[in-house]
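Given next are the chains, with one letter for each unit.
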Amino acid sequence: MKTYFRILSFAKPLTRFVVPYSLFAFLAIVFGLLNFTFLMPVLDILFNNVNYERTTLPEPALDMKYLKSMFDYYSVILIQEYGKATTLIIICFFLVGSNLLANLFKYLSARTLSSVRSVVVKNIREKLFDKILSLHIGFFSNERKGDLMSRITSDVLEVENSVISTLTVFFRDPATVIIYFTVLFTLSWELTIYTLLILPTSGLIISMISKKLKRESVEGQQSLGNILSIIDETISGLRVMKGFNAERYIKEKFAKENHRYSTLVNTMGNRRESASPLSEFMGVSVVAVILWIGGNMVFTGELEPSAFFFFIVSFYQILVPVKAISSAATNIQRGLAAGERIFSILDTESPIREKKDAIQLDGFHHSIEYKNISFSYESELVLKDISFTIEKGKSVALVGPSGGGKSTLADLAPRFYDPLAGEILIDGKPMKDCSTQSIRALMGIVTQESILFNDSIFNNIAFGKPDASKEDVIRAAKIANAHDFILQTENGYDTIIGDRGMKLSGGQRQRISIARAVLKNPPILIMDEATSALDNESEKLVQEALSNLMKNRTSLVIAHRLSTIQHADEIIVIDKGRIVERGNHSELLQKNGLYKKLHSHSFDMEPEKAE
Ligand code: ADP
């Protein structure tokens, strides 16, 4: 129930919906009831059962007897005045009128509900997206992409379909049931008692079915997440997949998961579908019993035929909401399971905490200092007691074998992670005390992945700086050696570059992300230098672009080709999470250690993260 109300709380303020909804729903029930009440005098006229003695208005009371005698009274007057045929027409007009009103209010109440539904779903989806954006980078290596996508899309849909649809059931249907039962009681309390005895049995059977549904639903959503993950991996790694002839492997993996999902969906469907015919059968059985008992009461004169007819019709009106309530009980289980999966993301707390009175950095003045930094992703330490300082205007290069911890060190600077031990000081202030946003505002990040969006080249460069003018963007592109090739594309700066920049070459992508960093013009640069297989020409262009970018800036560069960092002010050699050597290029060569070795193998070095 807690999850249910939490889902509803996304429609805040709920009172905005509850008041009009209750009003419309109540009116819809009242007019619906009136509909059938009009049938009674019609039947009496048809079966010649009009009580002509009824010539005075009865004492007003709030029950069916009063309503019926009032209708009798007016129909007698009408018949005496206009004859039976005209009276029938008049009653029919009333019938149509009240039916129109009943349906109008039904429609209005449904409208109110559907706006609750869309507001809730919109808000949940937005909250989830915001949360994913705000979560720390570390979260995403644990949670798989497909699983996250399935939570944002299909779990939210599941909540929409089940939990929100049950709103009707919980708010309107119980009222309908209660009101109609009151009517039944005033018609014939004996007959009502019989129905009350039989009806709950069917409810019990239905609830037994729904119990298993929740567990199956959780499994089903997980399986869907796996499917989405496989699709995502396959599409983004298609080249590797095909290159390694791994299609069969991935096909089998997909088929297995797909089969599991389909079996689960099938079982769930069977279970859900069985609820409806079962309850229909129960309903008809109950009606049969009532027909038998009530019919006998009519034979003995205890009940008028028109009242009995009205009883049966009203009872049928109850069956619909009762059925809805029982099938809602099964549906809601799936929705709640999906809701819990959504909330488990919303409740994830980022370990990167922002202090309430965090310092707002207004610029970069002196230095960034790594002080005795240790770090681990899981249990194993990947950085051990690392200290170094990057002075303003200087460039520091990190080199070393793959897996040594260079990227991790670079990730600590924009506070994607917090160190396990030690601290990073920016202008002497511990980073933990500074606002993360103001730290990142000082930094430009150029990674190997050069993340691009499926949008125009212009927007990809201006990304993060939406107020940039066309001139600014062109200037940045020129510095990044990108202007010329951009002009050669189909629509110049307006060319759409495809998913993740698929339509561009590796070097072009890199230069666009360099242009992006140039435009941001940050005082500090963090670069994971390109290693991907660039041809000589584009490598030269990229290198030139990088040197332009680094001019007059403080930079931390992860270098893969040692040729490019010979001019760095300090080169730090990292191996297995430790600093093994440090100094400038010529000092390091003289040491005749790991750097020298790496340098001589420089061109054999594995471009480890290039895809
Ligand atoms: P480099 O950049 O020098 O190649 P990394 O910083 O990428 O090295 O990796 C250092 C170590 O941390 C490696 O052993 C790697 O397996 C591990 N590692 C990197 N990223 C993660 C992660 N997200 N979760 C767990 N371990 C990681």
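Residues numbered from 1 in each chain as written. Predicted model: local features only at pLDDT ≥ 70, side-chain atom pairs only at ≥ 80, totals over all residues. Heavy atoms only, no water.

Could you give me a rundown of the overall build of the protein chain, with the residues and numbers involved?
When helices and strands are counted, the protein chain shows 21 helices and 10 strands. Its C-alpha atoms give the protein chain a radius of gyration of 37 Å, more than 25% over the compact-globule value 25 Å for 611 residues. Seen through its C-alpha atoms, the protein chain measures out along the principal axes to roughly 125 × 50 × 50 Å. Partitioning the contacts of the protein chain with sequence separation of at least 6, the portion at a separation of at least 24 is 77%. Total accessible area on the protein chain is roughly 32,000 Å²; 59% of this is exposed by carbon and sulfur atoms. Across the protein chain, the centroid of the 68 positively charged side chains sits 1 Å from that of the 66 negatively charged ones. (Helix = DSSP H or I, 4+ residues; strand = E, 2+ residues; numbered from the N terminus. Rg over C-alpha atoms; globule rule 2.2 N^0.38 Å. Contact = heavy atoms within 4.5 Å. Areas by Shrake-Rupley, 256 points an atom, 1.4 Å probe, with all protein chains shown as cover. Lys, Arg positive; Asp, Glu negative; His and termini not counted. Charge placed at Lys NZ, Arg CZ, Asp CG, Glu CD.)

Outline the packing of aromatic side chains, listing residues and values.
A complete count under the given rule lists 9 aromatic pairs for this structure. Taking the centre distance of 5.9 Å and the plane angle of 20° together, the rings of Phe-31 and Phe-105 count as stacked. Residue Phe-31 is found in helix H2 (residues 15–46), and its partner Phe-105 is found in helix H4 (residues 84–134); the two are separated by 74 residues along the sequence. The residue whose ring lies beneath Arg-6 is Phe-343, and the NZ or CZ to ring-centre distance is 4.0 Å. (Phe/Tyr/Trp six-rings, centres within 6.5 Å; stacked < 30°, edge-to-face > 60°. Lys NZ or Arg CZ within 6 Å of the ring centre and 35° of its normal.)

I'd like a rundown of unusual backbone geometry, residues and numbers included.
Positive phi is not limited to glycine here, since Asp-427 has a value of about 50°. By the secondary structure assignment, Asp-427 is in the loop between strand E4 (421–426) and strand E5 (429–430). For Asp-427, a relative accessible area of 13% corresponds to the buried category. (Buried < 20%, exposed > 50% of the residue type's maximum accessible area, 1.4 Å probe, protein only.)

Tell me about the sheet that holds strand E3 (residues 395–399), and name the residues and values.
Paired through their backbone hydrogen bonds, the strands of a sheet run either parallel or antiparallel. Ordered by their spatial adjacency, 6 strands build an open sheet running E6-E7-E8-E3-E9-E10, and the pairing between neighbours is mixed. Each edge of the open sheet carries a strand with a single partner, namely strand E6 (443–446) and strand E10 (578–583). Pairwise comparison of adjacent strand axes, ignoring direction, gives a mean angle of 15° for this sheet. For strand E7 (residues 524–528) and strand E8 (residues 554–558), the ladder comprises 5 bridges, and the chain directions are parallel. (Pairing = 2+ DSSP bridges. Axes fitted to C-alpha atoms, helices over the stretch in contact; angles between N-to-C directions.)

Which residues make up the packing of helix H8 (residues 173–187) against helix H12 (residues 305–346), and what values go with them?
Between H8 and H12, the shortest axis-to-axis distance is 9 Å and the interhelical angle comes to 160°. Relative to H12, the element H8 lies roughly antiparallel. Between H8 and H12 lies a crossing of left-handed hand. Facing H8, whose interface residues are Asp-173, Pro-174, Thr-176, Val-177, Tyr-180, Phe-181, Val-183, Leu-184 and Leu-187, H12 presents Ala-307, Phe-310, Phe-311, Ser-314, Phe-315, Gln-317, Ile-318, Pro-321, Val-322, Ala-324 and Ile-325. Of the residues contributing to the contact of H8 with H12, the split by class is 16 nonpolar, 3 polar and 1 charged. (Parallel < 35°, antiparallel > 145°, perpendicular 65-115°, else oblique. Left-handed = near helix turned anticlockwise from the far one by under 90°. Nonpolar A, V, L, I, M, F, W, Y, C, P; charged D, E, K, R; others polar.)

Any details on the pairing of E7? Residues and values, ideally.
E7 sits mainly inside the fold: 5 of its 5 residues count as buried. Where burial is concerned, the two faces of E7 agree: the one with Ile-524, Ile-526 and Asp-528 and the one with Leu-525 and Met-527 are both buried. Direction of pairing for E6 relative to E7: parallel, over a ladder of 4 bridges. Within E7, the residue paired with Ile-445 across the bridge is Ile-526.

Give me the lowdown on empty space enclosed by the protein, citing residues and values where you can.
For the structure shown, the criterion picks out 4 cavities of 30 Å³ or more. Put simply, the largest cavity is a space of about 110 Å³. Around the largest cavity, the lining residues are Leu-8, Leu-14, Phe-17, Val-18, Tyr-21, Ser-22, Thr-112, Leu-113, Val-116, Leu-167 and Phe-171. Sorting the residues of the lining of the largest cavity by element identifies H2, H4 and helix H7 (166–171) as the ones contributing at least two each. When the residues that make up the lining of the largest cavity are grouped by side-chain class, the tally is 9 nonpolar, 2 polar and no charged. (1 Å grid on protein atoms, 1.4 Å probe; cavity = no way out; pocket = protein on both sides within 12 Å on 5 of 7 lines; lining within 4 Å. Points joined across faces, edges and corners; volume = space filled by probe spheres on them.)

Go over helix H16 (residues 470–479), please, and point to the residues and values.
Those residues of H16 that fall on the buried side of the exposure criterion are Val-473, Ala-476 and Ala-477. Taken around the axis of H16, the buried residues stretch over an arc of 100°, which confines them to a single face. Along H16, exposed side chains directed more than 90 degrees from the buried face belong to Glu-471 and Arg-475. Positive backbone phi, approximately 60°, marks Asn-481, located one or two places after H16. (Arc of directions from axis to C-beta.)

Break down the environment of Ile-77 for me, citing the residues and quoting the values.
Turning to its location among the elements, Ile-77 is positioned in helix H3 (residues 64–82). On the basis of relative accessibility, which here comes to 34%, the residue Ile-77 falls in the partly exposed class. In sequence terms Ile-77 and Thr-56 are 21 residues apart; their C-alpha atoms lie 9.9 Å from each other.

Go over a nonpolar patch on the surface, please, and point to the residues and values.
Taken together, the side chains of Phe-185, Trp-189, Ile-193, Tyr-194, Leu-196 and Leu-197 present a nonpolar region at the surface, about 620 Å² in accessible area. The dominant element in the nonpolar patch, judged by the number of residues it contributes, is helix H9 (residues 189–236), at 5 residues. Tracing the sequence through the fold places Phe-185 in helix H8. (Patch = residues over 30% accessible without salt bridge, like charges linked within 9 Å, V, L, I, M, F, W, Y side chains within 5 Å. Salt bridge = Lys/Arg side-chain N within 4 Å of Asp/Glu carboxyl O.)

Lay out the confidence of the model for the protein chain with the relevant residues and their values.
Looking at the protein chain as a whole, its pLDDT mean stands at 82, while 91% of the residues score no less than 70. Ignoring residues within four places in sequence, the model shows residues 603–611, a span with pLDDT below 50, making 13 contacts including any to other chains. (pLDDT = per-residue confidence, 0-100.)

Now, about the packing of H4 against helix H6 (residues 145–164): what can you tell me, with residues and values included?
Their axes nearest at 10 Å, the elements H4 and H6 cross at an angle of 160°. Classified by the angle between their axes, H4 and H6 sit roughly antiparallel to one another. As H4 packs across H6, the resulting crossing turns out to be right-handed. Of H6, the residues touching H4 (which contributes Arg-117, Val-120, Val-121, Ile-124, Arg-125, Leu-128 and Ile-132) are Leu-148, Arg-151, Ile-152, Val-156, Val-159, Glu-160, Asn-161 and Ile-164. Residue classes in the contact of H4 with H6 are distributed as 10 nonpolar, 1 polar and 4 charged.

Kindly report on the nonpolar core, identifying the contributing residues and their values.
With 42 residues, the main nonpolar core has Ile-461, Ile-514, Leu-549 and Ile-565 as its most contacted residues. When sequence neighbours within four positions are dropped, the list of residues in contact with Ile-461 reads Val-473, Ala-477, Ile-486, Tyr-493, Ile-512, Ala-515, Arg-516 and Leu-519. (Core = buried A, V, L, I, M, F, W, Y, C linked by side-chain atoms within 4.5 Å.)

For the sheet that holds E5, give the residues involved together with the corresponding values.
Read from one edge to the other, the open sheet built from 4 strands follows the order E2-E1-E4-E5, with strand pairing classed as antiparallel. With partners counted over all chains shown, the strands left at the sheet margins are strand E2 (381–391) and E5, one partner each.

Any chance you could break down the pairing of E8 for me, citing the residues and the numbers?
For E8, a buried count of 5 out of 5 residues is recorded, marking the element as mostly surrounded by other parts of the structure. The two faces of E8 match: Thr-554, Leu-556 and Ile-558 on one face and Ser-555 and Val-557 on the other face are all buried.

Go over the environment of Tyr-595 with me, naming the residues and quoting the values.
Among the secondary structure elements, Tyr-595 is positioned in helix H21 (residues 594–600). Judged by relative accessible area, Tyr-595 falls into the buried class, the value being 0%. For the pair Tyr-595 and Arg-582, spaced 13 residues apart in the sequence, the C-alpha separation amounts to 9.0 Å. When residues no more than four places from it in sequence are discounted, the contact partners of Tyr-595 are Val-399, Leu-562, Ile-565, Ile-571, Val-573, Glu-581, His-585, Leu-588 and Leu-589.

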